[in-house]
Structure formats: structure tokens, C-alpha cells
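Overview (structure and organization)
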Amino acid sequence: MRFLTKLLSAVIPLSLVIAAPAQARDWNAIKDSGTIIAATEGAFYPFNYFEGPKLTGYEVDVAEAVAKKLGLKLEWRVVTFDAQLASIRQDRFDFAIASHGFTEERAKAVDFTSPHYCTGGQIAAPKDGALTAAALNGKTVGVQLATSYYDNAKKIPGLKELKTYKADPEVFSALKAGKIDAWISDKWLIKATLEKNPDAGIAAGEQLFVERVSAIVRKNNKEFVDKYNQALAELIKDGSIAALSQKYFKADITCR
Ligand code: ARG
């Protein structure tokens, strides 16, 4: 019986996708099902990450608070970051929350909700190393694939090489191993990672750009975006989001 239920739940969503490939779940469909499906990556500490088998982090908590406010159960899907933009268009989940900064390029493919934090892309490098954009002339930089760090690193003049990695922890490992001269990532992620690894000999350097980070949703799903934004706005107003931010960053990183 349990096997049958599992089998059915595995098969039904797939058949729905095949039957209606171009149809986003609109607000009514989400509401009627009682469950909202969210995707995240699980490798972007402390925004979305695993603690043993458990998915956690600031964005996981924000999404759960929003779902609760909407009166919905939340079901997680773990999707690699570089696959999220494409898979949301294939209807595998209702939204993704994985530190997507707003860019015009992405906005052609998906819609953005209101932001749940504001931040910046920053350089990290060995303490005596290339900690500024100017110092990166002739150097090798590592970034996560498909990120705003990649787009902004490309603009740095004179880079010797720009290496891409599937996930951010791999870039940090490459930096520690001396395979790259610098790493560009989120400034809060770098801060938290360096606090966890005080003996790595790595320091945070120049901030290169700022970005507003939101959940992404399928295009033209206006009613759902409105509901999401309304719930988030209430949670920002009553201090819930600031409290989550304090829990993970000891600072309020919501946008002002
Ligand atoms: N903020 C950056 C961007 O918008 C990186 C996001 C990476 N997220 C992740 N879950 N690894 O591209």
C-alpha cells in the first residue's frame, strides 16, 4: 500500500507535466492542493544548506514563514543552482529561493518576487593576496557557475582565467588549495564561511557590486506573486524576517 502511494505520487506529477507542459500552477491550483513546492540548492551557507540530512538556512526559514502565512504546507525540492531557471519553466516547482539576485537577463526568463535581502558580491583571497579588483590583474578567479559573480568577474580587466564550479563550497576548497587566487561570492556567505574556518588564512576583500535577492517564479503568475509578496511584506513589517536574519547573520540584511 505504502509502495503504491509512493509509486502514484511519483508518477502523477510527471503525467501532469506531460499533459500540460506550458501551464504554471496558478494561485488557485496551489491553494487547492494545500501544498506549495519550493526549490533551493542546499549548498549556499547560511542561506540554504544541509545540517546533516536537514535542509535549513535563512532562505529555508523565510520560505517556510511565507508558506505558513499563506496557510500552505511547504514541500522542498533540491535542485542544483544552475538548473533552477530552466526547471522552473518546466513546472517542477512553484518557486525557487536560492539567492537569485535580480538581473535583466534573468527577468527575461522568470519573474522575481519582492526581495528578502540586499547584499553584495565580494572578493575573498589569501590574507596577503589579491583582495581588490585591481590586484586581480593576471590572476585566476573562481566562481560558482551561472551566478552574478560570474557575470561581474568577467568585467574585471586583465584576469588570467575565470574558473567555474558547480557549487560555492568547491570554490572555497579550490581557494584553500591554492588552485585559484581569489573567489567571488556573497559577502554574508564569505563572512560566515570565514568565521567557520578561521585558520584557512583567507580574508574578505573589496565589494564589487550590490544586488537585491528574491525568490523566482514562472512568468505571468501574477496572482501567486501578489500573494507571496503580501505575505512577505507582512512578515517584514512584523519583524519576523529581521528576526530570522539576526538568527543567521547577527545583522538585519533585509533591504531598506
Ligand atoms: N547571488 C548570486 C546570484 O544571484 C548567487 C546565488 C547562488 N545561489 C546558490 N544557492 N548557490 O547569482
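Okay, so let's go over this structure. (Residues numbered from 1 in each chain as written. Predicted model: local features only at pLDDT ≥ 70, side-chain atom pairs only at ≥ 80, totals over all residues. Heavy atoms only, no water.)

Concerning the overall build of the chain
- If you tally the helices and strands in the chain, you get 10 helices and 11 strands.
- The C-alpha atoms of the chain give 19 Å as radius of gyration, which agrees with the globular expectation for 256 residues (18 Å, within 12%).
- Dimensions along the principal axes, computed over C-alpha positions, put the chain at roughly 60 × 40 × 35 Å.
- When burial is assessed residue by residue, the chain has 49% of its 256 residues classed as buried.
- Taking as baseline every contact in the chain between residues at least 6 positions apart, the subset at least 24 positions apart corresponds to 69%. (Helix = DSSP H or I, 4+ residues; strand = E, 2+ residues; numbered from the N terminus. Rg over C-alpha atoms; globule rule 2.2 N^0.38 Å. Buried < 20%, exposed > 50% of the residue type's maximum accessible area, 1.4 Å probe, protein only. Contact = heavy atoms within 4.5 Å.)

Brief notes about the packing of aromatic side chains
- By the definition in use, this model includes 14 aromatic pairs.
- Measuring from centroid to centroid gives 5.0 Å for Phe47 and Phe249, while their planes differ by 40°, and the two rings are tilted. On the criterion of sequence distance, the pair formed by Phe47 in the loop between strand S2 (43-44) and strand S3 (48-51) and Phe249 in helix H10 (residues 240-249) is long-range, its members being 202 residues apart. You'll find Phe47 and Phe249 in the same group, each marked buried.
- A centroid spacing of 6.0 Å and a plane angle of 75° characterise the contact between Tyr58 and Tyr117, whose relative ring orientation is edge-to-face. Here Tyr58 is found in helix H3 (residues 58-69), whereas its partner Tyr117 is found in strand S7 (residues 111-126), with 59 residues between them in sequence.
- What makes Tyr58 buried here is its relative accessible area of 0%.
- For Tyr117, a relative accessible area of 0% corresponds to the buried category. (Phe/Tyr/Trp six-rings, centres within 6.5 Å; stacked < 30°, edge-to-face > 60°.)

Observations regarding the sheet that holds S2
- In space, the 3 strands of this open sheet follow the order S2-S3-S4, with antiparallel pairing throughout. The outermost strands of the open sheet, each flanked by one partner alone, are S2 and strand S4 (54-56).
- Bridge count for S3 against S4 is 3 bridges, and the pairing is antiparallel. Across the sheet, residue Tyr49 finds its bridge partner in S4, namely Thr56. (Pairing = 2+ DSSP bridges.)

Digging into the pattern of salt bridges
- Within this structure, the stated rule accounts for 10 salt bridges.
- Of the charged contacts in the structure, one is a salt bridge between Glu195 and Lys191, with a shortest N-O distance of 3.2 Å. One end of the pair is Glu195 and the other is Lys191, both in helix H8 (residues 187-196) and 4 residues apart, which spans about a single turn. (Salt bridge = Lys/Arg side-chain N within 4 Å of Asp/Glu carboxyl O.)

Observations regarding the pairing of strand S6 (residues 95-101)
- Counting buried positions over the 7 residues of S6 gives 7, a clear majority of the element.
- Relative to S6, strand S1 (residues 35-40) runs parallel, the two being bridged by 2 bridges. When the sheet's bridge partners are listed, Ala38 is paired in S6 with Phe95.
- Taken together, the 4 bridges between S6 and strand S11 (residues 202-217) define a ladder with antiparallel strand orientation.

A closer look at helix H4 (residues 81-89)
- Looking only at H4, the buried set comprises Phe81, Gln84, Ser87 and Ile88. One side of H4 carries all its buried residues, which in axial view fall inside an arc of 95°.
- One or two steps after H4, the chain reaches Asp91, where phi turns positive at roughly 70°. (Arc of directions from axis to C-beta.)

Examining the state of the cysteines
- Enumeration over the complete set of coordinates arrives at 1 disulfide.
- Between the sulfur atoms of Cys118 and its disulfide partner Cys255 the distance amounts to 2.1 Å. What sets the handedness of the Cys118 and Cys255 disulfide is the S-S torsion sign, and at about 100° it is right-handed. One end of the pair, Cys118, is in strand S7; the other, Cys255, is in the segment after H10, and 137 residues separate them in sequence. (Disulfide = S-S within 2.5 Å.)

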